[in-house]
Amino acid sequence: MNLLYKSTRSNERTATASEAILKGLAEDGGLFVPEYIPKLDVTMDELKDMTYQETAYAVMKQFLTDFTEEELKHCINSAYDSKFDTELIAPLVKVGDVYHLELFHGATIAFKDMALSILPHLLTTAAKKNHVTNDIVILTATSGDTGKAALAGFADVPGTKIIVFYPKGGVSRVQELQMVTQKGENTSVVAIHGNFDNAQSGVKALFEDKELEKELAGAGYQFSSANSINIGRLVPQVVYYVYAYAKLLQNEEIRSGEQINVTVPTGNFGNILAAYYAKQMGVPIARLICASNENKVLFDFFRTGVYDRNREFILTSSPSMDILISSNLERLIYTIAGQDAEKNADLMAQLKEKGRYEITPEMRKKLDDFTGGYATEEETKETIRKTYERTGYVMDTHTAVAASVCAKYRKDSGDETKCLIASTASPYKFIHSVMSAIDEKYASADEFELIDELNKVSGMPVPNAIEEIRNAEIRHNLECDADRMKDTVKQILGV
């Protein structure tokens, strides 16, 4: 049966999976969601012996029902190949008494590779299916990782261009260098004077600009998105939670049907929403632990039912989570509102106008699957150092936020359910923060001098992504104010 998609802000139109992937954002500014979450049609016992690629097909065929088996398998096999530095794609590592799902073995050493390796293939297949003749312009805001992963995925893909906006001074030095040294005739990178929320709001405004849409169409272009607002980003993320549970079963770490908790370091809410979808598909997940850094807007939301972005924006050592408007939360709000698009649209309008909204007591009851926690900068550093001293395992700052929150949750609640932590980036990506957490003596060292030091300390090989940028040429140096993003896009496209 064909699974259709609708907007979180109106019930008027439906779209096929390929149409939803192509559009990125619905015309009314809402996000595409499936009409229902499909169930897995294979058992965990069958899944436990599957490769990552086979698991991806078992999950994604349920969501992307207008893709043929041949098309979908081609997309999967083109994505999950030698670009990853481990055959397992997403290895599970036991660290103390928790399990880290390492999602950083792709080309840009962050979890965004898991979805952005396949999105270009899904998008170009969707374009053919829908007889699109325009060039597709991928427009993306990044808090650090999505940008590079999208650039790497779309570089020189025929029929596409990609423009990435990132906050100047709001990403790590490695993240910035990964973006500004990106090759590809169809790639553009722009530093905006503002924070990630300014970049994300600016991109959303460009998607909603009907006048600009007409101008672009006249020049042979149409927008699509590589952010997690695109359902083609979210669906591949569901895969690794299904895979992780099956591997825990295969490794005899859990019994069949045993529930696990999942802790996810959370900024834009896409990664934890994917875990929620995996639970809805039938994966035995008990609690979803949403881990925030000091920008703890989500922690406050789960505690009070009030989402309020009217607060100080804090720059932390986990910059990919320095976000006050968590776009993907809208998909969850729509779900707990009973798929009431009007109610959801009203709450999103309040967020836009007043910067806050409050959900009803009935909606709050439907959030029982979730619990929120946050880690301070000091707690994040301490988690990196103590874990290293105890186990020899080195983790990045975002994963450390999740590990800290997970440990606090277990201590405070007494819940001894086995816990999976989404390990979202290589420590090499945030090398200065990681090394100075391990030992203060590294605090004044140059970021690039620390690469070989981290290699010695951790025993982890230096990833290609780091080797490549040591001496790479800077190719992108565009900057603009947050209110000049539209002019900058038109200038890049020559419109």
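Everything discussed here concerns the structure shown above.
Residues numbered from 1 in each chain as written. Predicted model: local features only at pLDDT ≥ 70, side-chain atom pairs only at ≥ 80, totals over all residues. Heavy atoms only, no water.

Think of a sheet as strands paired side by side through backbone hydrogen bonds, with each pair either parallel or antiparallel. In space, the three strands of this open sheet follow the order β2-β1-β3, with antiparallel pairing throughout. The sheet is open, and its two borders are formed by β2 (10–15) and β3 (32–34), each paired with just one other strand. In this sheet, neighbouring strand axes are inclined to one another by 40 degrees on average, regardless of whether the strands run parallel or antiparallel. Alignment of strand β1 (residues 5–7) against β3, held across three bridges, turns out to be antiparallel. Each residue of the ladder has a partner; that of Tyr-5, found in β3, is Pro-34. (Pairing = 2+ DSSP bridges. Helix = DSSP H or I, 4+ residues; strand = E, 2+ residues; numbered from the N terminus. Axes fitted to C-alpha atoms, helices over the stretch in contact; angles between N-to-C directions.)

So, about the packing of aromatic side chains. A complete count under the given rule lists 15 aromatic pairs for this structure. With a centroid separation of 5.0 Å and an interplanar angle of 55 degrees, the aromatic rings of Tyr-240 and Tyr-241 are classed as tilted. A residue is classified by how much of its surface remains accessible, and Tyr-240, at 0% relative accessible area, is buried. Judged by relative accessible area, Tyr-241 falls into the buried class, the value being 1%. Ring geometry for Tyr-276 and Phe-370: centres 5.4 Å apart, planes at 35 degrees, overall tilted. With Tyr-276 in helix α12 (residues 270–281) and Phe-370 in strand β14 (residues 370–374), the pair connects residues that are 94 residues apart, well separated along the chain. The residues Tyr-276 and Phe-370 share a single accessibility class, namely buried. Taken together, the aromatic side chains of Phe-63, Phe-269, Tyr-276, Tyr-277, Phe-301, Phe-302, Tyr-307, Tyr-357 and Phe-370 make up a single cluster linked through ring pairs. Sitting over the ring of Tyr-374, Lys-408 keeps its end group 5.5 Å from the ring centre. (Phe/Tyr/Trp six-rings, centres within 6.5 Å; stacked < 30°, edge-to-face > 60°. Buried < 20%, exposed > 50% of the residue type's maximum accessible area, 1.4 Å probe, protein only. Lys NZ or Arg CZ within 6 Å of the ring centre and 35° of its normal.)

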